[in-house]
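What follows is each chain in one-letter form.
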Amino acid sequence: MNNAIAQTTALLSTCALLLTACGGGGSTVTSSPSSTTNNTATDTATTTGTVSGAIPIGIAVAQTSNVALLGQEQVAGAKLAEKYFNSKGGVNGTPIKLVFQDTSGDEAGAINAFQTLINKDKVIGIVGPTLSQQAFSADPVGERAKVPIIGPSNTAKNIPEIGDYIARVSAPVSVVAPNSVKAALKQNPQLKKVAVFYAQNDAFSKSETEIFQQTVKEQGLELVTVQKFQTSDTDFQSQATNAINLKPDLVIISGLAADGGNLVRQLRELGYKGLIVGGNGLNTSNILPVCKALCDGVLIAQAYSPEHPGEINTAFRKAYTDEYKKEPPQFSAQAFAAVQVYVEALQALDKKSKLNKLQLPELRTQLNKQILVGTYNTPLGEIGFTPIGEVVQKDFYVAQIKMSKDGSQGKFTFIK
Amino acid sequence: MNIYLLLQQLLNGLSIGSVYAIFALGYTLVYSILGIINLAHGAIFTLGAYFTYALMGGNFGFNGLLANASLPIKLPFAISLILGSTLAGLVGVVMERIAFKPLRRQGSDPLLTVVSSLGVAVVIVNLIQYLVGAESYTYPANTYGNLAPAINFGSSENPIPIRSVQVVIFTVSAVIVVILTYFINRTKYGKAMQAIAEDPTTASLLGINSDRFIILTFFISSFLAGLAGTLVASSVSIAGPYFGIAFGLRGLAVIVLGGLGSIPGAVLGGLVIGLVEAFVPAEYSGYKDAVAYGILFIMLLVRPQGLLGRRFIQKV
């Protein structure tokens, strides 16, 4: 009896240790030393051969860690894209197959996931990673291996500049962010004093706050204070009090969902009555359960609107709401668009030269060229790329959070 | 920093410090009885917060196995808090039976028990994510009834607003500390626990069923963790399955600072760490951990037995 218990315990502990490897370390399987390569000499050995069967596209986003909030939305969007395009015949008859690798929330996890996808899963290209912070470390891995990378949600500046193989479908913060400040001015033309908050340990939030602060100056507003915090913080009372004492009419927050939501909540609880603008990190319905009724009124600029007209968005929106019983968020739409870019670029490439005749390295290079020249009619609207891989997007929106009285229900309503 | 901000930070520090205290008390109890550090304590903390959320009728998001599930009942916060913490306590007992008892029977190295507790932590955290996803969850807005969101401790000209939830947390934690101290020092059960902590063999010769008291210890310890988790979650939401990890580590710093195995030490350590953190300027919030562990480091150099520990560590 005792022995049996001991064995169970031993088994449990082993499982637990294995779980640690997945939970904390990022991807489930790190590639063996022979296939973990950063240099081109060994790359050729591991990447020869052609693609047969379903075409593998890598999805490297954060499925665990505190970034999983965003990553799970991306997984949802990508999966819908896989289903949608395969039901339409895939790449001229050949289906696509998404290969998921968890990046966790840090740089090491993203690098591991990229290496596994490139060397072990032999994907033709990758959608990922979730955070700009991760992209700065992981994208060079793709660049060195000459594998196309499409960032689904990296909006910091200088992401496409990382290399020739790096593109993104997420419009940079410099284009999106100013819209929300303008919307705030429209709602309250009298507003003068602005307090800015940002998460100083997050590359994206830092880059976003620069844009916000510049916009504040350009609009002739007075920047009364800049308060810093960490994405891991939960208590914002001293920053909030500091800012409230200066009597701002507008508060602008650059952070992520959990910290941003808590900051909004504490600002309101401590008596702040003015307008609040949230950055892209708050642009997820995941902040709604954090600040509940107190989220009401927060303005957030959008690169996506569920109400965008067009056939593909209608299909995407319907598939999403059928499956998840809520409106699709921007992160899901962007992940969908990223997969779509691969599918349509592959279709175009296949017409020029049959995909199954191309060696993998050649296919990846050709595909990268094709991605950059195409235009794509996605749920985000029509998008294309500049020669360095920066997205060119036509439509932007501003949404305002509307919550029910008890705070249990809420949504992003799009304002004109 | 002006005097008002200073006062505000003092009250903040007391509030968070009091949660550290009840959390660390759980660590300390197990340490006194078994001489091990239970690394699953942080995971139980998280679990308690989720239990309370579910008991209040909270709905789970779309990412886990239990997508959109909720219990058919909606209990008030106070009852959910007690029931949720009790459930956390029961999980603690199950954990003791499965992961600790078999090792103890075999007389294994305490280090193995620590590894086993780490395993339990990982299992719990991943199970939570598997079941209810990684989303944040917040207790309903009326958690504290019609209490105003903030209480002004200053004048109307120089407000010192404190979030009401912080005051509630401090009060509940203080009450718990008093009850626990009474329980340990004044009741038969408490004295039996002290006897086991002092010397398990002698205690069992005196007719104390040590196995029963180990179960009781784990129950109380995990109950406290669940309670702390719920209190913190009512202030800042459940940030996901990893919510308790940072707390688990902070709790370690607290008990070492206070003196391993000392109950007043855990309380004092909690308050000290809470206050020190509150006085780290907001823009350097990233260094809160560094400051807390820095103090711990200095303490270990100057007074390795901790603030209230004795060289011969007095247990419980």
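Scroll up to find the structure this text is about.
In this report, the structure presented in the accompanying data block is examined. Source: prediction; values computed, not measured.

### As for the interface of chain B and chain A
- If you look at the interface, chain B gives 41 residues, while chain A gives 42 residues.
- Of the roughly 3600 Å² buried where chain B meets chain A, counting both sides, 56% is carbon and sulfur surface.
- Applying the counting criterion to the chain B and chain A interface returns one salt bridge.
- In this structure, Glu269 of chain A engages Arg163 of chain B in a salt bridge whose closest nitrogen and oxygen atoms are separated by 2.4 Å.
- Secondary structure elements with two or more residues in the side of chain B that touches chain A: α1 (3–34), α3 (77–105), α4 (110–132), β2 (161–163) and α8 (210–236) of chain B.
- Among the elements that take part in the side of chain B that touches chain A, α4 of chain B stands out by supplying six residues, more than any other.
- For the side of chain B that touches chain A, the residue count by class is 19 nonpolar, 18 polar and four charged.

### With respect to unusual backbone geometry
Residue and element names in this part refer to chain A.
- The amide bond that connects Gly128 to the next residue, Pro129, takes the cis arrangement and shows omega of -15 degrees.
- Structurally, the position occupied by Pro129 is in the loop between β3 (126–127) and α5 (132–144).
- The backbone phi angle of Lys292 is positive, close to 45 degrees, even though this residue is not glycine.
- Among the secondary structure elements, Lys292 is positioned in the loop between α11 (288–291) and β10 (299–302).

### With respect to the layout of surface pockets
All names here are of chain A.
- Taken as a whole, the second largest pocket holds about 1300 Å³ of empty space.
- Lining of the second largest pocket is provided by 49 residues; of these, Leu288, Pro289, Ser408, Gln409 and Gly410 occupy positions nearest its centre.
- Contributing elements (two or more residues each) for the lining of the second largest pocket: α11 and β15 (410–415).
- Of all the elements, β15 adds the most residues to the lining of the second largest pocket, at five residues.
- Split by residue class, the lining of the second largest pocket holds 20 nonpolar, 20 polar and nine charged.

### Regarding the pattern of salt bridges
- A complete count under the given rule lists 16 salt bridges over all chains for this structure.
- A salt bridge links Asp322 of chain A to Lys318 of chain A, with the shortest nitrogen-to-oxygen separation between them at 2.8 Å. Residue Asp322 of chain A and its partner Lys318 of chain A are located together in helix α12 (residues 311–324), separated by four residues, close to a single helical turn.
- Salt bridges linked by common partners bring Glu96, Arg97, Lys101, Arg104 and Asp211 of chain B together as one network.

Cut-off values and rules
Residues numbered from 1 in each chain as written. Chains lettered and ligands numbered in written order. Predicted model: local features only at pLDDT ≥ 70, side-chain atom pairs only at ≥ 80, totals over all residues. Heavy atoms only, no water. Contact = heavy atoms within 4.5 Å. Buried area = accessible area lost by both parts, 1.4 Å probe. Salt bridge = Lys/Arg side-chain N within 4 Å of Asp/Glu carboxyl O. Helix = DSSP H or I, 4+ residues; strand = E, 2+ residues; numbered from the N terminus. Nonpolar A, V, L, I, M, F, W, Y, C, P; charged D, E, K, R; others polar. 1 Å grid on protein atoms, 1.4 Å probe; cavity = no way out; pocket = protein on both sides within 12 Å on 5 of 7 lines; lining within 4 Å. Points joined across faces, edges and corners; volume = space filled by probe spheres on them.

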